[in-house]
Every structure is written in C-alpha cells, then in structure tokens.
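# Summary of the model geometry
Residues per chain are reported as follows:
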Amino acid sequence: MIGQPCTIIVILVILVFAHLTNRNTAPDTLPTDDTWTLANAKARLSEVIDRAQTGPQVITRHGKPNAVVVSAEEWARKVERKGTLAEFLLASPLHGANLELEREHDGPRDEMP
C-alpha cells in the first residue's frame, strides 16, 4: 500500500464510456441513491467514501457515468489474482485435446531500418 496503512482506501475507477454504452447501461438506469454528480461528490466526499463501504458509488459528469468509488476491500477482491497463467492454461477445456494445428511456414519478416 502507499503511505501508512489505513482502514479506508478509496479507489476511483475510471469507466470507459464506450464500454458502458455497449452494455446498454444508460445513466437513468443507475441507482439514484448511489449516483453522484461530480460537483456533489466533491462537496460531500466524506459521505461518498462512507457509502462506498456498503456499495459502489457512481460519479457522473455531464449526466454520464464517469467514475466509481469502491471500498478498499471491494477493490482488493476484484483485482486479486486467482492463479497463475500456467494454471489457467492447464484448466482449459482444450488441454489434452491433442489438436493438430498446421502452422504457416512463411518466410522471415523484413527487417526495419
């Protein structure tokens, strides 16, 4: 962790707006109790942090979701590594399928000057 250990660490996760649009998540479908305008979130940051301990807090800019504040515990749970790449590949349904794949035998790539 950065700095001294503390009980509350807030992580702002910037949402990719196009990603939200692809999932058909319109601003009016977000829970209003957990949605803050940027100005309101700045003025009441302490309350935003307190509420983030019980659930994600969405911050909007110009009426569109822009960031989410979550508790440190929630963030740690979301980013926790759940195994190694080797374990992931070994757990693949294709592991042991003995697929016969042909490889293209192209010539070498041109070197860049």
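This text gives an overview of the structure that appears in the document. (Residues numbered from 1 in each chain as written. Predicted model: local features only at pLDDT ≥ 70, side-chain atom pairs only at ≥ 80, totals over all residues. Heavy atoms only, no water.)

## Thoughts on the overall build of the protein
Rule in force here: By the criteria applied, helices consist of DSSP H or I runs no shorter than four residues and strands consist of E runs no shorter than two, each listed in order from the N terminus. Partly exposed residues are those whose accessible area sits between 20% and 50% of the maximum for their type, while under 20% is buried and over 50% is exposed, using a 1.4 Å probe and protein chains only. In what follows, a contact means two residues having at least one pair of non-hydrogen atoms within 4.5 Å.
From N to C terminus, the protein includes 5 helices and 4 strands. Along the chain direction, N to C, the helices and strands of the protein fall in the order β-α-β-α-α-β-β-α-α. The 113 residues of the protein split such that 16% are buried. When contacts within the protein are restricted to residue pairs at least 6 apart in sequence, long-range pairs at least 24 apart make up 47% of them.

## What to know about unusual backbone geometry
Of note in the backbone geometry, His62 takes a positive phi value of approximately 55° without being a glycine. Locating His62 in the fold gives a position in the loop between β3 (57-61) and β4 (64-70). Of note, Asn98 is a non-glycine position whose phi angle comes to about 50°, a positive value. The topology assignment puts Asn98 in the segment after α5 (85-90). Judged by its relative accessible area of 69%, Asn98 is exposed.

## Digging into the pattern of salt bridges
Keep this limit in mind: We count a salt bridge whenever a side-chain nitrogen from Lys or Arg sits within 4 Å of a carboxyl oxygen from Asp or Glu.
Taken as a whole and assessed by the stated rule, the structure comprises 4 salt bridges. The closest approach of N and O atoms between Glu47 and Arg44, which form a salt bridge, is 2.6 Å. Glu47 gets classed as partly exposed once you look at its relative accessible area, which sits at 25%. Through salt bridges with shared partners, one network takes in Arg44, Glu47 and Arg51.

## Notes on a negative patch on the surface
To keep things clear, this is the line we draw: The patch calculation keeps residues exceeding 30% relative accessible area without a salt bridge and links them within 9 Å when they carry like charges or within 5 Å when they are nonpolar (Val, Leu, Ile, Met, Phe, Trp, Tyr). Every accessible area reported is derived by Shrake-Rupley at a probe size of 1.4 Å, with residue values counting cover from the shown protein chains alone. Counting rule applied: Lys, Arg positive; Asp, Glu negative; His and chain ends not counted. In this description, the location of a charge corresponds to atom NZ of lysine, CZ of arginine, CG of aspartate or CD of glutamate.
Together, Glu100, Glu102, Glu104 and Asp106 make up a negatively charged patch on the protein surface. The residue Glu104 is located in the segment after α5 in this model.

## Here's the deal with the environment of Asn66
As for its position among the elements, Asn66 is in strand β4. Considering only alpha carbons, one finds Asn66 and Leu38, 28 residues apart in sequence, at a separation of 8.8 Å.

## A short note on the pairing of β4
How we decide: Here, any two strands with at least 2 DSSP bridges between them count as paired.
When you tally the buried positions in β4, you get 5 out of 7 residues, the bulk of the element. Relative to β4, β3 is paired through 5 bridges, and the arrangement is antiparallel. Bridge pairing in β4 links Gln57 to Val69. If you look at the hairpin formed by β3 and β4, you'll find 2 residues sitting between the two strands, and His62 has a positive phi there, around 55°.

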